[in-house]
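One-letter residues, chain by chain:
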Protein chains: 2
Amino acid sequence: MDAIPLDTHLRSLLPQDGTRDALITSVIPRLLQSIAAVADALRQSHNVIAVGTANTFGDHQLNVDVTAENLIRNAMLDCPSIVTASSEEDPVERRVHPHSSSPSSSPTEQYTLAFDPLDGSSIISANWTVGTIFSLWDGPSALNQPPSTAQTAAILGVLGPRTTAIIALRTPNCSPSSSQEPVQTCFELSLDPATATWHVTRPNLSLAPRSTYFSPANLRVAGEDHAYMSLLTEYIARRYSLRYAGGLVPDIVHMLVQGQGLYVNPVTAQSRAKLRRLYELCPMAMVVECAGGMAVDPVDGSRVLEKEVGHCGEKGGLVCGSATAVEEAVGRLLEKRD
Amino acid sequence: MDAIPLDTHLRSLLPQDGTRDALITSVIPRLLQSIAAVADALRQSHNVIAVGTANTFGDHQLNVDVTAENLIRNAMLDCPSIVTASSEEDPVERRVHPHSSSPSSSPTEQYTLAFDPLDGSSIISANWTVGTIFSLWDGPSALNQPPSTAQTAAILGVLGPRTTAIIALRTPNCSPSSSQEPVQTCFELSLDPATATWHVTRPNLSLAPRSTYFSPANLRVAGEDHAYMSLLTEYIARRYSLRYAGGLVPDIVHMLVQGQGLYVNPVTAQSRAKLRRLYELCPMAMVVECAGGMAVDPVDGSRVLEKEVGHCGEKGGLVCGSATAVEEAVGRLLEKRD
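Residues numbered from 1 in each chain as written. Chains lettered and ligands numbered in written order. Predicted model: local features only at pLDDT ≥ 70, side-chain atom pairs only at ≥ 80, totals over all residues. Heavy atoms only, no water.

Asks: Would you mind showing me how to read the interface of chain A and chain B here?
Replies: Much of the literature gives interface size as the accessible area that the parts lose upon coming together. On the chain B side, the residues contacting the 65 residues of chain A number 65 residues. Buried area between chain A and chain B, summed over both chains or domains, comes out near 5,700 Å², and the portion from carbon and sulfur atoms is 59%. On the chain A side of the contact with chain B, Asn127(A), Pro161(A) and Arg162(A) bury the most area, a combined 14% of that side's loss. Put simply, chain A and chain B have 2 salt bridges between them. On the surface where chain A and chain B come into contact, there are 22 residue pairs in polar contact (both at pLDDT 80 or more). (Contact = heavy atoms within 4.5 Å. Buried area = accessible area lost by both parts, 1.4 Å probe. Salt bridge = Lys/Arg side-chain N within 4 Å of Asp/Glu carboxyl O. Polar contact = N/O pair within 3.5 Å; in protein donor to acceptor, adjacent residues only side chain to side chain.)

Have a look at this one:
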């Protein structure tokens, strides 16, 4: 069976009433083009690897980060509907098109983009799979909005031996005049490098409630946190399979493709939260929820997408994946700490 | 600083007396070309991904495996010096050029190639980095030879966001007339996709004696094996960093690029050995030793390269990486079992 063209797939999912036309015809395609451009830049980046030490390679990494940031910002310039953007490299919301300020030129669809141009700096030098993370919000800001309704799309660019992407869409608040049901979906695309086109290769990613895989992030914390260590030894006793790349994109994508998984990144008194809510937690939580999974804050078990993002620098922990597995893990983490 | 051309680097390392000319000018370049071809095939393999289930993707994986096997076997046909080959997919030693049997056409340099065309089948569908493994032996067979001297080269193709390769060379038994010192080296190459040429990007990979990273393979065994569980909890208590892709190539390459690491794949009464000695253990042990590390059998602590390979299907466990870390790990695994 042939892979499905992206445009066909998006039109089958999103409202036909014109309220998401720019998202379908401009925003998502341009962002996917930028993922292909980042993949190209990364593949050719050995040209700028200086011979020798880890330090010179460190400089190189910075170059690739900056290149990715620039490629994505250039892509946004072609999208009048992306009115605001901020990135993990430059975590301040700014207008994307400062000169088109007259109300007459304002697009009817307005989105805010929050992105991490190249996630996985600790594993990029070993040539492991890394990723690009996009979070798209309705309106001129992502801040102080309810993430569960205002975040419309999350896109993960997966930069590995192939170039693939995960798209999660959720449009609960589509036009009242539309007869279309609210959308909640998560699917995989693959880039055809010969034609530079994207095709839907897994139209429906879905996480089973239970999981026999686990990804324990920040495992060193288990040395001080009895609850985390107890969880780990329990999973080992149950003969669960360990997978832990140490990159958020590959770790989450593994569970989506496997159809099950549990990612645990705890927060304890000794270990502060490290993941950024706007650039990492909200898009990952959306992807996992749209695949039928759960994403919660390990501190209190609350839903990641329940709490508004107050400022670009906010951080948090994450337990996400197969719903029953998440509930059990968080229950145990909280219970043992009481 | 510019990356070093491969040919220049090889000539600076290997004997100038002609005894390794075919290795430098034909065998290594052709095998590296085949890695580039496998990377290309894998990158374009979404074309054959059928839409839908994990099962159809399973069939797809098989296709990529077969494609990789064929690309590598085609490359060998251009190398008169590779006289014998076997692969993980077809684990029988066969002559590569059956018609050039007259002694007059026998090359002066003769190598046997053992290879795993695409290692990492469990993570390829998630678009994680996978690899190709080559092991080159002096003479017309890899079997019943001392691996520590008869295995001349190991090459790992690293198929990730970039295409890189690790080469380990060891020529202790070069021509007695040569004034050249024995060679033992491990370095990284990167493919320039624009020109299809390889450049040396890390000319000297070296593993420090100690490691604060660990890769626990087959972790489920720790549920039944007290020694393995004790090792794991000890590393967590020491706040070591976990990295475990679950693919042998990315896991070993991570330690080489990081300059430290410990990979543990134990064998217990409940868990049989899984790694193939000819296609996985010997080349990995050589790479690690040539970077100054150690690679031992967890069953008795003996050096992996000490024992001859009796047949293509032999399997074993592996503890490898930073030398002091390996000694400590194996000591603890063996001590607790006594």
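Let us keep going from here.
Asks: Help me understand the relation of the copies chain A and chain B, please; the structure alone is not making it clear to me.
Replies: Two copies of the chain are present, and they differ by a rotation about an axis and a shift along that axis. Expressed as a screw transformation, the operator carrying chain A onto chain B has a rotation angle of 180° and an axial translation of 0.0 Å, and the superposed copies differ by an RMSD of 0.0 Å. Interpreted geometrically, this transformation is the action of a two-fold axis. In this assembly, 100% of the residues forming the interface of chain A have copies in chain B that are likewise at the interface, indicating an isologous arrangement. (Least-squares fit on C-alpha atoms with pLDDT ≥ 70 in both.)

Asks: Is there a simple way to think about the packing of helix 5 (residues 226-237) of chain A against helix 5 (residues 226-237) of chain B in this case?
Replies: It is the contact of helix 5 of chain A with helix 5 of chain B, at a shortest axis distance of 12 Å, that shows an interaxial angle of 155°. Classed by the angle they form, the pair helix 5 of chain A and helix 5 of chain B counts as roughly antiparallel. In this structure, helix 5 of chain A crosses over helix 5 of chain B, and the sense of that crossing is right-handed. Contacts between helix 5 of chain A and helix 5 of chain B pair Met229(A), Leu232(A), Thr233(A) and Ile236(A) from the former with Met229(B), Leu232(B), Thr233(B) and Ile236(B) from the latter. Taken together, the residues that form the contact of helix 5 of chain A with helix 5 of chain B break down as 6 nonpolar, 2 polar and no charged. (Axes fitted to C-alpha atoms, helices over the stretch in contact; angles between N-to-C directions. Helix = DSSP H or I, 4+ residues; strand = E, 2+ residues; numbered from the N terminus. Parallel < 35°, antiparallel > 145°, perpendicular 65-115°, else oblique. Left-handed = near helix turned anticlockwise from the far one by under 90°. Nonpolar A, V, L, I, M, F, W, Y, C, P; charged D, E, K, R; others polar.)

Asks: How should I be thinking about the packing of aromatic side chains in this particular structure?
Replies: Within a pair of aromatic rings, the relevant descriptors are the distance that separates the centres and the angle that separates the planes. Summed over the entire model, instances satisfying the criterion amount to 6 aromatic pairs over all chains. Relative to Phe134(A), the ring of Phe115(A) lies with its centre 6.3 Å away and its plane at 35°, an arrangement referred to as tilted. A residue pair is termed long-range when its members are at least 10 positions apart, and Phe115(A) in strand 4 (residues 111-119) and Phe134(A) in strand 5 (residues 130-138) qualify at 19 residues. The same class applies to Phe115(A) as to Phe134(A), namely buried. Between the aromatic rings of Tyr235(B) and Tyr240(B), the centroid separation amounts to 5.1 Å while the plane-to-plane angle is 20°, which identifies the pairing as stacked. Here Tyr235(B) and Tyr240(B) have matching classes, each one buried. Three or more aromatic residues joined by ring pairs make a cluster, and in this case those are Phe214(A), Tyr235(A) and Tyr240(A). (Phe/Tyr/Trp six-rings, centres within 6.5 Å; stacked < 30°, edge-to-face > 60°. Buried < 20%, exposed > 50% of the residue type's maximum accessible area, 1.4 Å probe, protein only.)

Asks: I'm lost on unusual backbone geometry in this one. Help?
Replies: Excluding glycine, residues mostly have negative phi values, and the peptide bonds linking residues are mostly trans. All names here are of chain A. With a phi close to 65°, Asn 127 is a non-glycine residue in the positive phi region. With relative accessibility at 1%, the residue Asn 127 sits in the buried group. Residues other than glycine seldom take positive phi values, yet Asn 218 does so here, at roughly 50°. Structurally, the position occupied by Asn 218 is in the loop between strand 10 (213-216) and helix 5.

Asks: Mind showing me how you'd approach helix 6 (residues 248-258) of chain B here?
Replies: Helical geometry note: an α-helix holds 3.6 residues per turn, so side chains three or four residues apart project in the same direction. In terms of burial, helix 6 of chain B is a largely internal element, 10 of the 11 residues being buried. Regarding helix 6 of chain B, the residues found buried are Leu248(B), Val249(B), Pro250(B), Asp251(B), Ile252(B), Val253(B), His254(B), Met255(B), Leu256(B) and Val257(B).

Asks: What's the story with the sheet that holds strand 5 (residues 130-138) of chain B in this structure? I'm lost.
Replies: In sheet architecture, strand pairing relies on hydrogen bonds along the backbone and comes in two forms, parallel and antiparallel. Residues and elements named next belong to chain B. Taken together, the 9 strands give an open sheet; going across it, the order is 1-9-8-7-6-5-4-2-3, and neighbouring strands pair in mixed fashion. With one partner strand each, in any of the chains shown, strand 1 (4-5) and strand 3 (90-95) form the two edges of the open sheet. Pairing analysis gives 8 bridges linking strand 5 to strand 6 (residues 151-159), with the strands arranged antiparallel. Note on strand 6: the bridge partner recorded for Leu 136 is Ala 153. Here helix 2 (residues 21-43) sits on the sheet in contact with strand 2 (82-87), strand 4 (111-119), strand 5, strand 6, strand 7 (163-170), strand 8 (184-192) and strand 9 (197-202), set at roughly 25° to strand 6. Here helix 6 sits on the sheet and contacts strand 4, strand 5, strand 6, strand 7, strand 8 and strand 9; the angle it forms with strand 6, its principal contact strand, is near 100°. (Pairing = 2+ DSSP bridges.)

Asks: What should I look at first to understand the pairing of strand 10 of chain A in this one?
Replies: Working note: regular strand, side chains alternate between the two faces of the sheet. Residues and elements named next belong to chain A. Covered by surrounding structure in strand 10 are Tyr 213 and Ser 215 together with Phe 214 and Pro 216, the residues of both alternating faces. By the bridge criterion, 2 bridges tie strand 10 to strand 11 (residues 241-242) in an arrangement that is parallel. Paired with Phe 214 across the two strands is Leu 242, which belongs to strand 11. Each parallel crossover has a hand, and the one from strand 10 via helix 5 to strand 11 is right-handed. Looking at chain direction, strand 10 and strand 12 (residues 262-265) are connected through 2 bridges and run parallel. Directly across from Ser 215, in strand 12, lies its bridge partner Tyr 263. (Right-handed = clockwise from strand over helix to strand, strands pointing away.)

Asks: Could you clarify how one ought to interpret the packing of helix 6 (residues 248-258) of chain A against helix 7 (residues 277-290) of chain A in this entry?
Replies: Pairs of packed helices are described in terms of their axes, by the angle between the two and the distance that separates them. Residues and elements named next belong to chain A. Remark: helix 6 packs on helix 7, axes separated minimally by 11 Å, with the N-to-C direction vectors making an angle of 10°. Relative to helix 7, the element helix 6 is oriented roughly parallel. Residue-level contacts link Leu 248, Val 249, Ile 252, Met 255 and Leu 256 of helix 6 to Glu 280, Met 284, Val 287 and Val 288 of helix 7. Of the residues assigned to the contact of helix 6 with helix 7, the class counts are 8 nonpolar, no polar and 1 charged.

Asks: Explain helix 5 of chain B here, please?
Replies: End to end, helix 5 of chain B covers 16 Å across 12 residues, agreeing with the expected 16 Å (1.5 Å per residue, within 8%). Where helix 5 of chain B ends, the next residue or the one after it, Arg239(B), has phi of about 65°, a positive value. (Expected span 1.5 Å × (residues − 1).)

Asks: What exactly am I supposed to notice about the sheet that holds strand 16 (residues 318-321) of chain A here?
Replies: All names here are of chain A. Strand order across the open sheet formed by 5 strands is 11-10-12-16-14, with mixed pairing between neighbours. Sheet topology places strand 11 and strand 14 (294-296) at the edges, where each strand pairs with a single neighbour. Strand contacts of helix 6: strand 10, strand 12 and strand 16, with the helix running at about 155° to strand 12, the strand carrying the most contacts.

Asks: What exactly am I supposed to notice about the environment of Pro147(A) here?
Replies: Residue and element names in this part refer to chain A. Summarising the element assignment, Pro 147 is placed in helix 4 (residues 147-150). Classification of Pro 147 as buried rests on a relative accessible area of 0%. The sequence separation of Pro 147 and Glu 308 amounts to 161 residues, and the corresponding C-alpha distance is 6.1 Å. Beyond its immediate chain neighbours, meaning those up to four positions away, Pro 147 contacts Trp 137, Cys 282, Leu 305, Lys 307 and Glu 308.

Asks: Sorry, what's going on with the side chain of Asp119(B) here?
Replies: Of note, Asp119(B) is situated in strand 4. Overall, the relative accessible area of 7% leaves Asp119(B) in the buried class.

Asks: Explain the pattern of salt bridges here, please?
Replies: Side-chain pairs of opposite charge can arise where the charged atoms are in close proximity. By the definition in use, this model includes 38 salt bridges over all chains. Ionic pairing is found between Arg11(B) and Asp7(B), a salt bridge with its closest N-O pair at 3.3 Å. Placement of the pair is Arg11(B) and Asp7(B) together in helix 1 (residues 6-13), with a separation of 4 residues, close to one helical turn. In this structure Arg11(B) comes out as partly exposed when scored by relative accessible area, which is 35%. Bridged by salt links that share partners, the residues Glu88(A), Asp116(A), Asp119(A), Arg276(A) and Glu280(A) form one connected network.

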